[in-house]
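Observations on the three-dimensional arrangement
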Amino acid sequence: MFVAYGMWFARRFAGEVEPVRVAAVGRDGTGFAVRLEDGERMSAAAVVVATGLAPLAHIPSVLRPLAPRGPRPDAALSHTSQHTDLSGYTERRVVVVGGGQSALESAALLHEAGAQPRVLVRAARVRWGAAPVLERSLAERLARPASPLGTGWPLAGLCRAPGAVRRLPAPARLWVFRRALGPSGGWWLRERDEGIVPVHTRRYIENAQLHGEEVQLRLGGQGDGPAKMTADHVLAATGYRIDLDALPFLDPRLRQAVARIPGSHAPRLSGAFEPSVDGLYFTGSLAAPTFGPLLRFVAGTSFAARHITVRLARPVAHR
């Protein structure tokens, strides 16, 4: 339903949308040269990078001996971002690594598809969101105001003033980016996991090896469950890392010209979402270390689109 809404929005408001991958973006004089996978080439005065999270999927180094990874059920390792259907894992033992929505929902879907999932969570407990309360008293709304990302003054402030977040010192912005909205599961998912799917808290993988077609894991931590596990597949629900170098279509020289936020691999952006390269713009999660967690979600697109389009509408000579 959500994807259908996005497609409707594109048809209604975005005009022509060409479903083709961009193979390369590099500088071309004062503008940019863009090459598509089908071989077409074009010039552009500006480029807006809004590629989402897929290129930024993070696989911890301890799991990389299980590569090559992929969405095939017969592979030893994959990332949750690679899947739209988990029914291919029926009757297979799958260890899910992570404690957030991606991990917990994948575990529920695996169980419902007839697989044998187990979840490893590094934290001491699984956090679950609270069911939304649609009607609240004035006192409740004042004490914990609503926002697109949840209730409470901290989230409300981050959502209402992303421009002010950009003015914070870099260490403070990165702290907000890394700590706001930590891993948790949706309230509606809890009854599909708790008491149904084995979840081992205070556990993490120390070593992962592939022996034949079987994955052997050695676990660390002081949590419950065995210190060793065997599985047919490891599903990494290990999130995403904001790293410009993970965008293969950007020319290396162009990537090197983009200044980073100190202490990160994220682009340092102006109030118009422009980095140190004129005419280049980054939005979505790539802008979250600058403007805060609102930019990780669809709720942040209105703020981003307004600021980018105002900048793009200015005459080139005034940029």
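Presented here is an overview of the structure given in this document. All residue numbers refer to positions counted from 1 along the written sequence of the respective chain. Local features are withheld for residues below a pLDDT of 70 in this predicted model, meaning they are given only at 70 or higher, and side-chain atom pairs are given and counted only at 80 or more; totals for whole chains, interfaces and linings count all residues. Processing note: side-chain calculations cover all non-hydrogen atoms of the structure and skip hydrogens and water entirely.

1. Things to note about the packing of aromatic side chains
- A pair of aromatic rings is counted whenever rings of Phe, Tyr or Trp (Trp by its six-membered ring) have centres within 6.5 Å, and the orientation is called stacked for planes under 30 degrees apart, edge-to-face for over 60 and tilted otherwise. Scanning the entire structure with this criterion turns up seven aromatic pairs.
- Among the aromatic residues, those joined into a ring-pair cluster are Tyr 5, Trp 8, Phe 9 and Phe 13.

2. Points about a negative patch on the surface
- Residues Glu 16, Glu 18, Glu 37, Asp 38 and Glu 40 make up a contiguous surface patch of negative charge.
- Counting from the N terminus, the helices are the DSSP runs of H or I reaching at least four residues and the strands are the DSSP runs of E reaching at least two. Among the structural elements, Glu 37 can be located in the loop between strand E2 (31–36) and strand E3 (41–44). The patches reported here contain residues having more than 30% relative accessible area and no salt bridge. Joining distances are 9 Å for like charges and 5 Å for nonpolar side chains (Val, Leu, Ile, Met, Phe, Trp, Tyr). Method for areas: the Shrake-Rupley scheme with a 1.4 Å probe, in which residue coverage is limited to the protein chains shown. In the sections that follow, a salt bridge refers to a side-chain nitrogen of Lys or Arg positioned within 4 Å of a carboxyl oxygen of Asp or Glu. Within this scheme the basic residues Lys and Arg register as positive and the acidic residues Asp and Glu register as negative, but His and the chain ends are omitted. For the purpose of locating charges, the reference atoms are NZ of Lys, CZ of Arg, CG of Asp and CD of Glu.

3. Considering the sheet that holds strand E1 (residues 22–28)
- Sheet architecture is open: three strands sit in the order E1-E2-E3, paired in antiparallel fashion. The open sheet has two edge strands, E1 and E3, and neither has a second partner. Each strand axis lies, on average, 25° off the axis of its neighbour in the sheet, ignoring direction.
- In this description, strands pair whenever DSSP reports at least two bridges between them. The pairing of E1 with E2 spans six bridges and is antiparallel. Residue pairing for E2: Val 22 is matched across the bridge by Leu 36. Note on definitions: angles span 0 to 180 degrees between N-to-C directions of axes, and those axes are lines fitted to C-alpha atoms, for helices only across the stretch in contact.

4. Comments concerning the pairing of strand E7 (residues 116–121)
- Across five bridges, strand E6 (residues 93–97) lies against E7 in parallel orientation. Bridge assignment links Val 97 to a residue of E7, and that residue is Leu 120.
- Running through helix H2 (residues 101–112), the crossover from E6 to the neighbouring parallel element E7 is right-handed.
- Alignment of E7 against strand E10 (residues 199–201), held across three bridges, turns out to be parallel. Residue pairing across strands places Leu 120 opposite His 200, the latter belonging to E10. Call a crossover right-handed when, viewed with both strands pointing away from you, the route from the first strand across the helix to the second goes clockwise.

5. Some remarks on the sheet that holds strand E13 (residues 228–231)
- With antiparallel pairing, three strands are arranged side by side in an open sheet as E11-E12-E13. Of all the strands in the sheet, the pair left with one neighbour each is strand E11 (204–211) and E13. Recorded for the sheet is a direction-independent mean angle of 20° between the axes of neighbouring strands.
- Bridge count between E11 and strand E12 (residues 214–220): seven bridges; the pairing is antiparallel. The residue of E12 that forms the bridge with Ala 208 is Leu 217.

6. Brief notes about unusual backbone geometry
- Not every positive phi belongs to a glycine, and Glu 91 is a case in point at roughly 70°.
- Checked against the element boundaries, Glu 91 lands in the loop between strand E5 (77–79) and E6.
- Throughout, exposure labels follow a simple rule: accessible area from a 1.4 Å probe, protein chains only, divided by the maximum for the residue type, with under 20% read as buried, over 50% as exposed, and the rest as partly exposed. A relative accessible area of 63% means that Glu 91 is categorised as exposed.
- At Phe 273, a residue that is not glycine, the phi angle is positive and equals roughly 70°.
- Within the secondary structure layout, Phe 273 lies in the loop between helix H8 (252–257) and strand E15 (280–282).
- Exposure remark for Phe 273: the relative accessible area of 0% places this residue in the buried category.

7. Quick notes on helix H4 (residues 153–160)
- Every buried residue of H4 is accounted for by Leu 155, Ala 156, Leu 158 and Cys 159. Along H4, the residues classed as buried sweep out an arc of 165° about the axis, all on the same side. Away from the buried face of H4 by more than 90 degrees, exposed residues Trp 153, Pro 154 and Arg 160 are located.
- Any two residues whose heavy atoms approach within 4.5 Å at even a single point are treated as in contact. Summarising the contacts, the buried residues of H4 are in contact with strand E8 (146–147), strand E9 (150–151), helix H5 (162–166) and helix H6 (170–179). In this description, the arc belongs to the directions extending from the helix axis to the C-beta atoms.

8. Here's the deal with the nonpolar core
- Judged by nonpolar contacts, the single largest core of 37 residues is most densely connected at Leu 247, Phe 273, Leu 280, Phe 282 and Leu 295.
- Those elements giving two or more residues to this core turn out to be E2, strand E4 (47–49), H4, H6, E15, helix H9 (288–291) and helix H10 (301–312).
- Residues contacting Leu 280, with those up to four places away along its chain left out, are Phe 32, Val 47, Val 49, Leu 254, Val 258, Phe 273, Glu 274 and Pro 275. The nonpolar core is taken to be a set of buried Ala, Val, Leu, Ile, Met, Phe, Trp, Tyr and Cys residues, with the residues joined through side-chain atoms within 4.5 Å.

9. Concerning the pairing of E3
- Pairing of E2 with E3 involves four bridges; the strand directions are antiparallel. By the bridge assignment for E3, Phe 32 is matched with Ala 44.
- From the end of E2 to the start of E3, which pair antiparallel, there are four residues, and Gly 39 there has a positive phi angle of about 95°.

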